[in-house]
Amino acid sequence: MTATPSPDSPAVSRTALDARLTATARAWLDDALAEVTGTGPGAGRPRTGPDAASARTDPAAASTGTGPAWEARFAAAGRHCGHEHADAVRVLLLTGARPGPETLALLYHRGSAAERRAVLHALPHLVGGPEALPLVADALRTNDTTLVAAAVGPYAAAHLDQPAWRHAVLKCLFVHVPVDAVAGLRRRARGDATLARMLADHAAERTAAGRDVPHDLERVLALTAQARP
């Protein structure tokens, strides 16, 4: 029996995803991908209106300035393909559309938690620099464990500075997100004396309050004791 992809594991190829979707869902996804890539009906229609200039620099921007024309497809992915597949479908749509940072920010800020999660998962495929770090910072301010887990993925590993990254690790411990979600954990934690002190302080606070010290904290603390290569 084929395993159902978890909502926070969107790295599924189109071939693998097709094997999990119903025929109706596959047809919907074909139409949605055609729309976001500009190969569907109306692809050659010229854009007009106040956002036409930004549309030329960000092909995903809608002519009205209120969002990309395919935003409704992005939002409806769970309803048409199943909520267990929605993250993977939305990431496919985003990587097909290739929206710029401004459109990604728009989709994130007015999207549902599931839509925000998909934007975060897509960042390493779409944004080469630190421009999208405000979205990561916003997700890390929440207590939504799925958003926090998505925020500490490969994009954060590549672009968060070390102080912000340390606080992201602590956030995972605070809200009980497994540190396995933290991309680049071993590389960035190794030999980090400042992170070691922060973890030791957190462990002391928990012990003083009569609370158990989580195993993940001990795991990261052990990494900080390893010498850098």
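Refer to the preceding data block for the structure.
Before going into details, it helps to say that this report is about the structure given with it.

Conventions we followed
- Residues numbered from 1 in each chain as written.
- Predicted model: local features only at pLDDT ≥ 70, side-chain atom pairs only at ≥ 80, totals over all residues.
- Heavy atoms only, no water.
- Helix = DSSP H or I, 4+ residues; strand = E, 2+ residues; numbered from the N terminus.
- Buried < 20%, exposed > 50% of the residue type's maximum accessible area, 1.4 Å probe, protein only.
- Contact = heavy atoms within 4.5 Å.
- Areas by Shrake-Rupley, 256 points an atom, 1.4 Å probe, with all protein chains shown as cover.
- Expected span 1.5 Å × (residues − 1).
- Core = buried A, V, L, I, M, F, W, Y, C linked by side-chain atoms within 4.5 Å.
- Axes fitted to C-alpha atoms, helices over the stretch in contact; angles between N-to-C directions.
- Parallel < 35°, antiparallel > 145°, perpendicular 65-115°, else oblique.
- Left-handed = near helix turned anticlockwise from the far one by under 90°.
- Nonpolar A, V, L, I, M, F, W, Y, C, P; charged D, E, K, R; others polar.

1. Remarks on the overall build of the chain
Piece 1. When helices and strands are counted, the chain shows 15 helices and zero strands.
Piece 2. Residues counted as buried form 48% of the 229 residues belonging to the chain.
Piece 3. Across the chain, contacts joining residues at least 24 apart in sequence account for 66% of those joining residues at least 6 apart.
Piece 4. Looking at the chain as shown, the accessible area adds up to about 11500 Å², and 55% of this sits on carbon and sulfur atoms.

2. Section: helix 12 (residues 162-175)
Given 3.6 residues per turn, any residue in an α-helix points the same way as the ones three and four places further on.
Piece 1. The terminal C-alpha atoms of helix 12 lie 20 Å apart, and with 14 residues this matches the ideal 20 Å at 1.5 Å per residue to within 8%.
Piece 2. For helix 12, a buried count of 10 out of 14 residues is recorded, marking the element as mostly surrounded by other parts of the structure.
Piece 3. Restricting attention to buried positions, one finds in helix 12 the residues Q162, W165, R166, A168, V169, L170, K171, C172, L173 and V175.
Piece 4. Lining the buried residues of helix 12 we find helix 9 (133-140), helix 10 (145-151), helix 13 (185-189), helix 14 (193-208) and helix 15 (215-224).

3. Describing the nonpolar core
Piece 1. In this structure, L120, L123 and V136 are the most contacted members of the largest nonpolar core, which totals 65 residues.
Piece 2. Discounting residues that sit within four places of it in the chain, L123 has contacts with L104, A132, L135, V136 and Y155.

4. Remarks on the packing of helix 6 (residues 86-97) against helix 8 (residues 113-126)
Piece 1. The N-to-C vectors of helix 6 and helix 8 enclose an angle of 50 degrees; their axes lie 9 Å apart at closest approach. What the angle tells us is that helix 6 and helix 8 run oblique. In this structure, the crossing between helix 6 and helix 8 has a hand that is right-handed. Of helix 8, the residues touching helix 6 (which contributes D87, R90, V91, L94 and T95) are A114, E115, R117, A118, V119, H121, A122, H125 and L126.
Piece 2. Residue classes in the contact of helix 6 with helix 8 are distributed as seven nonpolar, three polar and four charged.

5. Looking at unusual backbone geometry
Piece 1. Phi at R98 takes a positive value of approximately 55 degrees, unusual for a residue other than glycine.
Piece 2. Relative to the helices and strands, R98 is located in the loop between helix 6 and helix 7 (101-109).
Piece 3. The phi dihedral of H176 falls on the positive side, at around 65 degrees, and the residue is not glycine.
Piece 4. Residue placement: H176 occurs in the loop between helix 12 and helix 13.
Piece 5. With relative accessibility at 58%, the residue H176 sits in the exposed group.

6. Side note on the packing of helix 7 against helix 9
Piece 1. Where helix 7 meets helix 9, the axes come as close as 10 Å, and the angle between the chain directions of the two elements is 20 degrees. Considering their axes alone, helix 7 and helix 9 lie roughly parallel with respect to each other. Crossing geometry of helix 7 relative to helix 9 is assigned as left-handed. Contacts between helix 7 and helix 9 pair L104, A105, Y108 and H109 from the former with L135, D138 and A139 from the latter.
Piece 2. A breakdown of the residues in the contact of helix 7 with helix 9 according to their chemical character gives five nonpolar, one polar and one charged.

7. A short note on the environment of V179
Piece 1. Among the secondary structure elements, V179 is positioned in the loop between helix 12 and helix 13.
Piece 2. The spatial distance from the C-alpha of V179 to the C-alpha of L217 is 8.5 Å, given a sequence separation of 38 residues.
Piece 3. Not counting chain neighbours up to four residues away, the residues in contact with V179 comprise L173, L185, D216, R219 and V220.

8. Let's talk about helix 6
Piece 1. If you check helix 6, its first and last C-alpha atoms are 16 Å apart, about what 12 residues at 1.5 Å a residue would give, namely 16 Å.
Piece 2. Of all 12 residues making up helix 6, 10 are buried, and the element is well covered by its neighbours.
Piece 3. If you check which residues of helix 6 are buried, you get A86, D87, A88, V89, R90, V91, L92, L93, L94 and A97.
Piece 4. Elements in contact with the buried residues of helix 6: helix 1 (14-20), helix 2 (23-36), helix 4 (71-75), helix 5 (77-81), helix 7 and helix 8.

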